[in-house]
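The lines below spell out each chain.
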Amino acid sequence: MTGLTVLLPPSETKREGGDPSRTLDLRALSFPELSDERAAVIAAARSVSSEEDSARTALKLGPKSSAERFRNLVLDTAPTMPAIDRYTGVLYDPLDALSADDETRRWWSDHVVVQSAMFGPIGAGDAIPAYRLSHDSRLGTLRLASHWPTVSSGALASRSDGLVLDLRSEGYRQLGPVPDALVPRVVSVDGSGRRKALNHWNKTAKGRLVSLLGRTRADVSTVDELVAWADEHGVVVERTSEVWDLVAESLETVRT
């Protein structure tokens, strides 16, 4: 990938369904060199998901989500859909990916990488089934915290030529560290100018940012170019002390 690479976390919530004629093909995913590592995680996830008690503990399932273990038992035969459509929730809903035009979706496919606990880094356009797995899931002797970081970081480094904008949560950043990435802090600014870092709701701002990047087909490869693009579209991205701040309010009424 050249220019800008945007790293996103996955979402615990996922859209059901997909194309039944197109099942999971590990070598068709981005970063096919990770196929063996993906197969190992799938096997471990299938094992812990085979019994309700082990699945409840390993996957942290509650009464309302207990049936999600069955997703992991049919990964090879389940229908697939692009990752950008599969994931839902606070970050992904602002993308409104299903209604996006072809050029926007192509930009996301070319520039957005999702750090999946099940599949490692995947492209936004990669066809995946629904599954249940988080960065802190416990899969018997397979530890995601030691399984993914080195191979994920190597894969990302080999494909990224330009600016890496890391919007992943801390748990998913640890599954594929990118030392030179730009990791902005999402903040809210009150009437007196005081800034407060957002927690859960920072995902909405990140989703709006990635939506705008795609819909404007942003052509940036450096921090300075990103700041210039942001200024052009009314988004506040600025350096304060040792961090970069992304002001959430500036994304509520952006100019496209």
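Structure report, in brief. (Residues numbered from 1 in each chain as written. Predicted model: local features only at pLDDT ≥ 70, side-chain atom pairs only at ≥ 80, totals over all residues. Heavy atoms only, no water.)

On to the overall build of the protein. When its secondary structure is counted, the protein shows nine helices and ten strands. For 256 residues, the compact-globule formula gives about 18 Å, and the C-alpha radius of gyration of the protein, at 18 Å, lands near that figure. Each of the three principal axes of the protein carries a C-alpha extent, and together these read 55 × 35 × 35 Å. Out of the 256 residues belonging to the protein, those deemed buried represent 49%. Of the contacts made within the protein by residues no fewer than 6 positions apart, 70% connect residues no fewer than 24 positions apart. Summed over its atoms, the accessible surface of the protein is roughly 12,000 Å², and 49% of this surface lies on carbon and sulfur atoms. (Helix = DSSP H or I, 4+ residues; strand = E, 2+ residues; numbered from the N terminus. Rg over C-alpha atoms; globule rule 2.2 N^0.38 Å. Buried < 20%, exposed > 50% of the residue type's maximum accessible area, 1.4 Å probe, protein only. Contact = heavy atoms within 4.5 Å. Areas by Shrake-Rupley, 256 points an atom, 1.4 Å probe, with all protein chains shown as cover.)

On to the pairing of strand E9 (residues 237-240). As a general feature of sheets, a regular strand has side chains that alternate between the two faces. In the sheet, E9 pairs with strand E10 (residues 243-247) via four bridges, with the strands oriented antiparallel. If you follow Thr240 over to E10, its bridge partner there is Val243. What sits between E9 and E10 in their antiparallel hairpin is a turn of two residues, with Ser241 showing a positive phi close to 60°. (Pairing = 2+ DSSP bridges.)

With that out of the way, let us pick up the nonpolar core. Of all hydrophobic cores here, the largest spans 71 residues; its most connected members are Val6, Trp108, Phe119, Leu139 and Leu213. The contacts of Phe119, once residues within four sequence positions are left out, are Leu24, Leu26, Leu29, Arg38, Ile42, Ile128, Pro129, Tyr131 and Trp148. (Core = buried A, V, L, I, M, F, W, Y, C linked by side-chain atoms within 4.5 Å.)

Each pocket or cavity is described by its volume, and for the largest pocket that value is around 410 Å³. As for the largest pocket, its lining consists of 24 residues, and the residues nearest its centre are Pro10, Ser11, Glu12, Tyr172 and Lys203. Of the residues belonging to the lining of the largest pocket, the class tally is nine nonpolar, nine polar and six charged. (1 Å grid on protein atoms, 1.4 Å probe; cavity = no way out; pocket = protein on both sides within 12 Å on 5 of 7 lines; lining within 4 Å. Points joined across faces, edges and corners; volume = space filled by probe spheres on them. Nonpolar A, V, L, I, M, F, W, Y, C, P; charged D, E, K, R; others polar.)

So, on to the side chain of Ser250. Mapped onto the elements of the fold, Ser250 is located in the segment after E10. Classification of Ser250 by relative accessible area gives buried; the value is 11%. One polar contact links the side chain of Ser250 to the main-chain carbonyl oxygen of Val247, over a distance of 2.6 Å. If near-sequence neighbours (up to four positions away) are discounted, Ser250 is found in contact with Gly234, Val235 and Val236. (Polar contact = N/O pair within 3.5 Å; in protein donor to acceptor, adjacent residues only side chain to side chain.)

The subject of this paragraph is empty space enclosed by the protein. Tallied over the entire structure, the rule returns one cavity of 30 Å³ or more. For the largest cavity, the calculated volume is near 50 Å³. Every residue along the wall of the largest cavity is listed here: Leu165, Leu182, Pro184, Leu209, Leu226, Val237 and Leu246. Grouping the constituent residues of the lining of the largest cavity by class yields seven nonpolar, no polar and no charged.

Of all residues except glycine, most have a negative phi; of all peptide bonds, most are trans. One non-glycine residue with positive phi stands out, namely Asp96, at about 50°. Position of Asp96 relative to the elements: it lies in the loop between helix H3 (83-86) and helix H4 (102-111). Take Asp96: its relative accessible area is 43%, and that puts it in the partly exposed class. Of note, the phi angle at Arg217 is positive, near 50°, even though the residue is not glycine. Looking at the element boundaries, Arg217 is found in the loop between helix H8 (202-215) and helix H9 (223-232). Under the relative-accessibility criterion, Arg217 is labelled partly exposed at 32%.

Right, let's talk about helix H6 (residues 149-159) for a bit. What H6 keeps buried is the set Pro149, Ser152, Ser153, Ala155 and Leu156. All buried residues of H6 fall inside an arc of 165° around its axis, so they share one side. H6 presents Thr150, Ala157 and Ser158 as exposed residues on the side facing more than 90 degrees away from its buried surface. (Arc of directions from axis to C-beta.)

Moving on: a nonpolar patch on the surface. Residues Phe70, Leu73 and Val74 make up a contiguous nonpolar surface patch of roughly 230 Å² in combined accessible area. Residue position: Val74 is located in the loop between helix H2 (52-58) and strand E2 (81-82). In this structure Val74 comes out as partly exposed when scored by relative accessible area, which is 38%. (Patch = residues over 30% accessible without salt bridge, like charges linked within 9 Å, V, L, I, M, F, W, Y side chains within 5 Å. Salt bridge = Lys/Arg side-chain N within 4 Å of Asp/Glu carboxyl O.)

Quick look at H4 now. Residues Thr104, Trp107, Trp108 and His111 constitute the buried set of H4. Take H4 and look down its axis: the buried residues cluster within an arc of 95°, on one side only. Measuring from the backbone nitrogen of Glu103 back to the side-chain oxygen at the start of H4 gives 3.2 Å, which picks out Asp101 as the cap.

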